[in-house]
Amino acid sequence: MALSKPLALASLCHGRGLIVPLSALPTLARAAFMAYFLVYLKVNFGLAVDQIGLFIAGFVLFSSLVSLVAGALTDRLGPKWVMVLSPLLQSAAYVGLQLCDSLIVAFMLCLILNLAYLASETAVRLCIARWFSAHQTAGVLSVKYSLTNIAYAVGPLMGLWLHSLGGSPLLLCAVMASLLMAAAFLPWQPSDCGSDDSTPQEAMLSTLRSMVADRTLLTYTLATILLAGVFGQFHLYIGQYLLTRYSVQQMYEIINVVFITNALTSACLQYVLGRHVSVEHFARWVGLCLAAFAIGLIGFGTSSTLVGWILFTLIFTVGEIIVQPVEFLFITEIAPAHRAGAYYSSQNLTYLGAASTPLMAGLILSQVSPIWLLVYLLTLLATGGGILLRHSRKIRPTVLVDEHGGGG
């Protein structure tokens, strides 16, 4: 396949391209589940708000760390079998949550559920890198992220609607997650099924030791964790910030505008803008991403009108749109072929940064002036962005194309 051939959206509706729309189904289930989950923990186990926060943070963070092992397992089994086993585990976990009455069992099921979801996402990223050329990858990712945004917009409404009817969305979530197993019927190559002997096979511990020894990967991972602290849960820390500056009624008005602007901007621009992100001008895209985040954050700290919040949320969202293909392309460039799954799973560690900012925001806003939250976020952005920008200048398109540019 010629590397200059653009992505045809029709190619994602048949053959191996179907992996992109199929991957949105577990995300739709996850979004419906997480919206209902707070109600589930409160009604079934009587947890207080702070206990719910600890419960969710516990299984999300722990599963993010363990997902590194799942990434190494993907390299050994092949993405096909991961995308068969993962939806089975997710569906079983949803059904188990419907039936269980033990908080410990519920925690273990949530841990399995999140770990299986992260494993399937790693497998999908690996397939995209293998099946599409370097010039098509950004377009494919943009379609995937657009579908993800739609899933996160529709899923919560679906979950809460089913609950309002007196039912639980867990069984529906189990069905939706299981549909990813249709990927088993796609036209896989032998190397995608874990049977390729042309590359060396490593023990998982050896893979993890090699990753720890990879200085570029470690510094990049640190950068993405810091950047995730800026954009990963920005809805939450913006809400916390607004409560210190406005009345509750004004806060609700502004946060609704922020949510709607963010969702509409992502839906409208993810493919239009994201598909142009390329390794040829990688450092420029990183710079544009960092500039969008910086302008958005400064705007959040100075805005006093709804128009201002709309404008700076739109600019901030442009940074979100760019950062996702940027992170993927960077990992694709540095990952050895036989450890690609493990390297892609390292992206799951960004949850560490995303989960930490609401906690830090609460501490900062309760102790000092709200302006220090802006200082904290800009410090994360400058540090993580500086690391990423420095490494981005080392990316050579010819290396990426030679090692990872495949046909789709």
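Because the structure is a prediction, the values reported are computed rather than measured.

To continue, consider the overall build of the protein. Each helix and strand in the protein was counted, giving 16 helices and zero strands. Here the protein holds 408 residues, and 52% of them are scored as buried. Considering only residue pairs separated by 6 or more positions, the protein has 84% of its internal contacts joining residues 24 or more positions apart.

So, about the side chain of T332. Looking at the element boundaries, T332 is found in helix 12 (residues 306-334). Residue T332 is classed as buried on the basis of its relative accessible area, which comes to 4%. Only 2.8 Å separates the side chain of T332 from the backbone oxygen of F328, close enough to count as a polar contact. Polar contacts involving the side chain of T332 include one to the side chain of Y344, which spans 2.8 Å.

We now examine the pattern of salt bridges. Scanning all chains against the criterion turns up one salt bridge. Of the charged contacts in the structure, one is a salt bridge between E121 and K144, with a shortest N-O distance of 3.2 Å. Highlighted residues: E121 in helix 4 (residues 103-131) and K144 in helix 5 (residues 134-164), separated in sequence by 23 residues. What makes K144 buried here is its relative accessible area of 3%.

This part takes up helix 4. An α-helix turns once per 3.6 residues; consequently, residues spaced three or four apart project the same way. With 29 residues, helix 4 extends 42 Å between its outermost C-alpha atoms, agreeing within 8% with the 42 Å of an ideal straight helix rising 1.5 Å per residue. Most of helix 4 sits out of view: 21 of its 29 residues are buried. The N-cap of helix 4, judged by a side-chain oxygen 3.4 Å from the amide nitrogen of I104 a few residues on, is S102.

Most often, soluble globular proteins have nonpolar side chains that are buried together. Ranked by internal contacts, the top residues of the largest apolar core, which has 86 residues, are M83, Y237, L242, L297, W309 and F316. For this core, the element with the most residues is helix 12, which contributes 12 residues. Dropping the residues within four chain positions of it, M83 is found in contact with I19, A123, V124, C127, L180, M181, A183 and W188. Ranked by size, the runner-up nonpolar core spans 30 residues in total, among them A32, L47, F55 and A93.

The subject of this paragraph is the packing of aromatic side chains. Taken as a whole and assessed by the stated rule, the structure comprises 18 aromatic pairs. Note on Y36 and Y40: the rings are 6.2 Å apart at their centroids and 50 degrees apart in plane angle, and the pair reads as tilted. Within this pair, Y36 and its partner Y40 are both found in helix 1 (residues 19-45), separated by four residues, close to a single helical turn. Under the relative-accessibility criterion, Y40 is labelled buried at 1%.

On the surface, L73, L77, W81, L85 and L88 cluster together into a nonpolar patch covering about 420 Å² of accessible area. Taken together, the elements giving at least two residues each to the nonpolar patch come down to helix 2 (49-77) and helix 3 (79-99). Among the elements that make up the nonpolar patch, the one with the highest residue count is helix 3 (three residues). Tracing the chain through its elements places W81 in helix 3.

Scanning all chains against the criterion turns up five cavities of 30 Å³ or more. The volume enclosed by the largest cavity comes to roughly 100 Å³. Residue lining of the largest cavity: Y237, I238, Y241, L297, F300, G301, P370, I371, L373, L374 and L377, and that is the complete set. Only helix 9 (234-245), helix 11 (282-302) and helix 15 (371-392) provide two or more residues apiece to the lining of the largest cavity.

On to the side chain of N262. Checked against the element boundaries, N262 lands in helix 10 (residues 248-274). With sequence-adjacent residues up to four places away left out, N262 is seen in contact with F234, H235, T313, T317 and E320.

Confidence in the prediction for the protein averages 82 pLDDT; 90% of positions are at 70 or higher. Predicted confidence is poor over residues 195-199, with pLDDT under 50, and the contacts of this stretch with residues over four places away or in other chains come to five contacts. Scored below 50 in pLDDT, residues 398-408 makes 29 contacts in the model with residues more than four places away or belonging to other chains.

Bringing the packing of helix 4 against helix 5 into the picture now. Contact pair helix 4 / helix 5: the axes reach a minimum separation of 10 Å and the direction vectors enclose 155 degrees. It follows from the interaxial angle that helix 4 and helix 5 lie roughly antiparallel. Contact with helix 4, carried on its side by Y117, E121, V124 and I128, involves T137, V140, L141, K144 and Y152 of helix 5 and no other residues of that element. Of the residues in the contact of helix 4 with helix 5, the class split is six nonpolar, one polar and two charged.

Under the 1.5 Å per step criterion, the end-to-end length of helix 15 is 31 Å for 22 residues, consistent within 8% with the ideal 32 Å. By the burial criterion, the buried members of helix 15 are L373, L374, L377, L380, L381, G384, G385, I387, L388, H391 and S392.

It is at 8 Å that the axes of helix 11 and helix 12 come closest, and there the two elements cross at 150 degrees. Comparing the axis directions of helix 11 and helix 12 gives the class roughly antiparallel. Of the two possible hands of crossing, helix 11 and helix 12 adopt the one that is left-handed. Among the residues making up the contact of helix 11 with helix 12, the classes are represented as 20 nonpolar, four polar and one charged.

Reading guide: rules and limits
Residue numbers run consecutively from 1 along every chain, following the written order of its sequence. This being a predicted model, a pLDDT of at least 70 is required before a residue's local features are given, and a value of 80 or more before pairs of side-chain atoms are given or counted; all residues contribute to the totals for chains, interfaces and linings. Side-chain calculation: all heavy atoms of the structure are included, whereas hydrogens and water are not. Only DSSP runs of H or I covering at least 4 residues are called helices, and only runs of E covering at least 2 are called strands; the numbering of each starts at the N terminus. Throughout this description, buried means an accessible area under 20% of the type-specific maximum (1.4 Å probe, protein chains only), exposed means over 50%, and partly exposed covers the range between. Residue contacts follow a heavy-atom distance rule, with two residues in contact if any of their heavy atoms lie within 4.5 Å. Pairing of N or O atoms within 3.5 Å defines a polar contact, subject to two protein rules: one partner must be a possible hydrogen donor and the other a possible acceptor, and residues neighboring in sequence count only if both atoms are side-chain atoms. We count a salt bridge whenever a side-chain nitrogen from Lys or Arg sits within 4 Å of a carboxyl oxygen from Asp or Glu. Expected helix span is taken as 1.5 Å per residue step, with the number of steps being one fewer than the number of residues. Grouping buried Ala, Val, Leu, Ile, Met, Phe, Trp, Tyr and Cys residues that are joined through side-chain atoms within 4.5 Å yields what is termed a nonpolar core. We call Phe, Tyr and Trp rings a pair once their centres come within 6.5 Å, taking the six-membered ring for Trp, and we label the pair stacked below 30 degrees between planes, edge-to-face above 60, and tilted otherwise. A patch consists of residues whose relative accessible area exceeds 30% and which take part in no salt bridge; residues with like charges are grouped when within 9 Å of each other, and nonpolar side chains (Val, Leu, Ile, Met, Phe, Trp, Tyr) when within 5 Å. Residue-level accessible areas treat just the shown protein chains as cover; the underlying method is Shrake-Rupley with a 1.4 Å probe. Cavity: a set of points on a 1 Å grid over the protein atoms alone where a 1.4 Å probe fits but cannot get out. Pocket: an open set with protein on both sides within 12 Å along at least five of seven lines, its lining residues, like those of a cavity, having an atom within 4 Å of a point. Grid points are joined across faces, edges and corners, and a volume is the space filled by probe spheres set on the points. Predictor confidence is given residue by residue as pLDDT, running from a minimum of 0 to a maximum of 100. Axis angles are defined between N-to-C directions and span 0 to 180 degrees, where every axis is a line fitted to C-alpha atoms and, for a helix, only to the segment in contact. What sets the label is the angle itself: under 35 degrees gives roughly parallel, over 145 gives roughly antiparallel, 65 to 115 gives roughly perpendicular, and the rest give oblique. Polar here means any residue outside two lists: the nonpolar Ala, Val, Leu, Ile, Met, Phe, Trp, Tyr, Cys and Pro, and the charged Asp, Glu, Lys and Arg; Gly therefore counts as polar. Note: crossing handedness is left-handed where the near helix turns anticlockwise from the far helix by less than a right angle, and right-handed where it turns clockwise.

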